[in-house]
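Below are the chains, spelled out letter by letter.
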Amino acid sequence: MSKQEPLPDLLTARPQDIAEERLRLLHQQIPRGQVLNVSLATIFAGALWLQMRTPQPWVWMAVFLTVVLVRQLLHHFVLPPARGRPIRRTTPRLYTLTAVFSGAGWGSALYMLDLGSTEVLVLTALTLGGVMAGAISVLSYLLSVYVGFALPIAIPLALHFFTQEPEGIAVIGLMVLVFLAGCVYFALVFNGVVTQTLRLKYANDALLLDLQHQKQIAEDANVAKSKFLAAASHDLRQPLHALNLLIEALKRSCGDRERTAIYPRVEQSLDALGKLFNALLDISRLDAAAVTPEPEDFRLAGLLHRCVREQEAEAHRKGLRLRCRHCAALVRTDPLLLERVVRNLISNAIRYTDQGGVLIACRKRRDRVLLQVWDTGIGIPGDRIAKVFEEFHQIDNPHRDRSRGLGLGLAIVRRLCDLLGLPLSLRSRLGRGTVVSVLLPRATRIPETAASSPSPPTLWEMHGRVVLVIDDERDVLQATAVLLGQWGCEVLTAQSGAQAQALLRRNGQVPDVILSDLRLRDEETGIDAIAAVRAAVSQPVPAVLLTGDTAPERIRLARESGYRLLHKPLQPARLRAALQRAIAQTPAH
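Report follows, based on the coordinates. Just so it is clear, the structure is predicted and the values come from calculations on it, not from any experiment.

**Focus on the state of the cysteines**
A covalent bond between the sulfur atoms of two cysteines is referred to as a disulfide.
For step 1, the next point in the chain: Applying the stated criterion to the full structure yields one disulfide.
For step 2, the next point in the chain: A sulfur-sulfur separation of 1.9 Å characterises the disulfide bridge that pairs Cys327 with Cys362. The S-S bond linking Cys327 to Cys362 shows a torsion near 140°; that makes this disulfide right-handed. Remark: Cys362 occurs in strand β4 (residues 357-365) and Cys327 occurs in the loop between β2 (321-324) and β3 (330-333); sequence separation between them is 35 residues.
For step 3, the next point in the chain: In this structure Cys324 is not part of a disulfide, and its nearest cysteine sulfur, from Cys362, lies 7.4 Å away.

Structure (structure tokens):
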């Protein structure tokens, strides 16, 4: 699943949308304003005619209706905004120009009418002031449109009062200008309220889309988890089922020859279980951010040849050519994690190639190195390319044949590349083959070779060592004690930190090393138990943690504790090496 993208900052990210919406609202309001204009003009002309008893009001009315008609034609045929198309620069200017034209129609009354009568002058001034105030709610969606409408009304009216006798009447002209400034101020406030409302609208729309997106992510995650658990359950049950049958066969076997034939099958089932658990563990550790990359500069050639040598036997068994072109490039990344990526890619290519071969090559791309793994395998259908990096998704393996892999290799590759910040891509042609590409950053200097490598710590013998084993599972506790006893260890067992404390205080012993399960009973952890033991003996006894848990939070907790963490099931040799290293690396020893 793709990562969640942040919501856009609507105060800056969507000015075009806000401008379009304001223009659309203005366009919707203009017909209403036209109706009000005609109604008010008709009443105004009728009132003037009653006062003047001349045809002047009706002549002005005819001119005004002409202005209204022209503006309505422009509004209907020229100016309607097209939804989904960007606004042209000229569109707001055209709206402003028509507003100026309409305002001039009202302002023309000052020149077409005889304002010598005080009653006529007062009626005209009040009507024009009312028109200016009423237009605020209709035209202020674009401030320039309102100003363009108001100025042709207010300026002639103010000039009329400035030029009339007596001189004291000029004060009214000043009041007209103040009224104009007040109207513009309220238009500005109205415009700001509209803009803020539209921003909130788009914010709500974005939140709604994000909520729908999050809901879809949750539904997809739930479906993916169900598929993951179903596939994992199947792949875990198969070798366990085989082990149950083989163990029963061992019980009933009558001779060494039968037992000898059964033992390899038991080992195969255990090996299958181990591979699946290790793959699941890799995914859990990567999801838990329990892996920290340690980038360094190194030559890519050595890593590639090492991976090829590991896979040569399997390629030879299938009759495939496995080649690696010489690559002298220097790259900078974590070499251990990159090696896991390359190893999984080569293994996957060999698994799905039945004839031809696999080629590993790299080429320089400016400040990058393009690493590619080519194969001549079965290929991938175009509609399934995006799914091959999902867990347990396999091409041409509907029956979950474990000899065809587990379907986790490419899922691990994707997570590792995301962790390392390496762009990953895949191209494929059905029946022709596949190429997977990883883009690596080039190094700028030759890596330095250490003059002498530090010698590894001496591994202490386990014979005679006192080992404290803490595990809440009695069967696991007894099996571990038997194994350690065979190595010559003195074994102390406890099921909790409190039991371990009581045991050590009773016999007065100090263990050489503690081996504890990570998850114990009653919410206790192995970390808690180790801390309790160290407090009881007042010594920093070395410790190793064991866990069968793959939950990311558990893995992260163990990693942060600083103790070496081993994952069940594990080979006895790995357990012994871990205990030896824990003892050898402790300053007290």
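Having seen it, we continue.
**Observations concerning the sheet that holds strand β11 (residues 543-547)**
For step 1, the next point in the chain: On the basis of which strands lie adjacent, the open sheet formed by five strands has the order β9-β8-β10-β11-β12 and parallel pairing. What marks the edges here is a single partner per strand, and that holds for β9 (490-494) and β12 (564-567). The mean angle between the axes of side-by-side strands here comes to 20°, regardless of whether they run parallel or antiparallel.
For step 2, the next point in the chain: In this structure, strand β10 (residues 513-517) lies alongside β11, joined through four bridges in parallel fashion. Following the sheet pairing, Asp517 is matched in β11 by Leu546.
For step 3, the next point in the chain: Taken strand by strand, helix α15 (residues 497-507) contacts β8 (466-470) and β9, and its axis lies near 135° from that of β9.
For step 4, the next point in the chain: Strands β8, β10 and β11 of the sheet are contacted by helix α16 (residues 526-537), whose axis makes an angle of about 150° with β10.

**As for the packing of α15 against α16**
For step 1, the next point in the chain: Relative orientation of the contacting elements α15 and α16 amounts to 20°, with a least axis distance of 8 Å. By the angle between their axes, α15 is roughly parallel relative to α16. Between α15 and α16 lies a crossing whose hand is right-handed. Counted together, Gly497, Ala500, Gln501, Leu504 and Arg505 of α15 and Ala529, Ala532, Val533, Ala536 and Val537 of α16 form the full contact between these two elements.
For step 2, the next point in the chain: Tallied by class, the residues present in the contact of α15 with α16 amount to seven nonpolar, two polar and one charged.

**Things to note about the pairing of strand β5 (residues 368-375)**
For step 1, the next point in the chain: Along β5, six of the eight residues are buried, which leaves the element largely enclosed by surrounding structure.
For step 2, the next point in the chain: For β4 and β5, the ladder comprises eight bridges, and the chain directions are antiparallel. Bridging across to β5, Cys362 finds its partner in Leu371.
For step 3, the next point in the chain: A loop of two residues connects β4 with β5, the two strands running antiparallel in sequence, and Arg366 in this loop sits at a positive phi of about 55°.
For step 4, the next point in the chain: Of the pairings in the sheet, the one linking β5 to strand β7 (residues 433-441) comprises eight bridges and is antiparallel in character. Each residue of the ladder has a partner; that of Leu370, found in β7, is Leu439.

**Comments concerning the packing of aromatic side chains**
For step 1, the next point in the chain: Scanning all chains against the criterion turns up seven aromatic pairs.
For step 2, the next point in the chain: Considering the side-chain rings of Phe44 and Trp60, the 5.4 Å spacing of their centres and the 90° angle between planes classify their relative orientation as edge-to-face. Taken together, the residues span a long stretch of sequence, with Phe44 in helix α2 (residues 15-52) and Trp60 in helix α3 (residues 56-77) at a distance of 16 residues.
For step 3, the next point in the chain: The exposure class assigned to Phe44 is buried, which follows from its relative accessible area of 3%.
For step 4, the next point in the chain: Look at Trp60 and you get buried, because its relative accessible area is 0%.
For step 5, the next point in the chain: Taking 5.4 Å as the distance between ring centres and 80° as the angle between the ring planes, the aromatic pair formed by Tyr141 and Phe190 counts as edge-to-face. Highlighted residues: Tyr141 in the loop between α7 (136-139) and α8 (143-162) and Phe190 in helix α9 (residues 170-252), separated in sequence by 49 residues.

Calculation rules
Residues numbered from 1 in each chain as written. Predicted model: local features only at pLDDT ≥ 70, side-chain atom pairs only at ≥ 80, totals over all residues. Heavy atoms only, no water. Disulfide = S-S within 2.5 Å. Helix = DSSP H or I, 4+ residues; strand = E, 2+ residues; numbered from the N terminus. Pairing = 2+ DSSP bridges. Axes fitted to C-alpha atoms, helices over the stretch in contact; angles between N-to-C directions. Contact = heavy atoms within 4.5 Å. Parallel < 35°, antiparallel > 145°, perpendicular 65-115°, else oblique. Left-handed = near helix turned anticlockwise from the far one by under 90°. Nonpolar A, V, L, I, M, F, W, Y, C, P; charged D, E, K, R; others polar. Buried < 20%, exposed > 50% of the residue type's maximum accessible area, 1.4 Å probe, protein only. Phe/Tyr/Trp six-rings, centres within 6.5 Å; stacked < 30°, edge-to-face > 60°.

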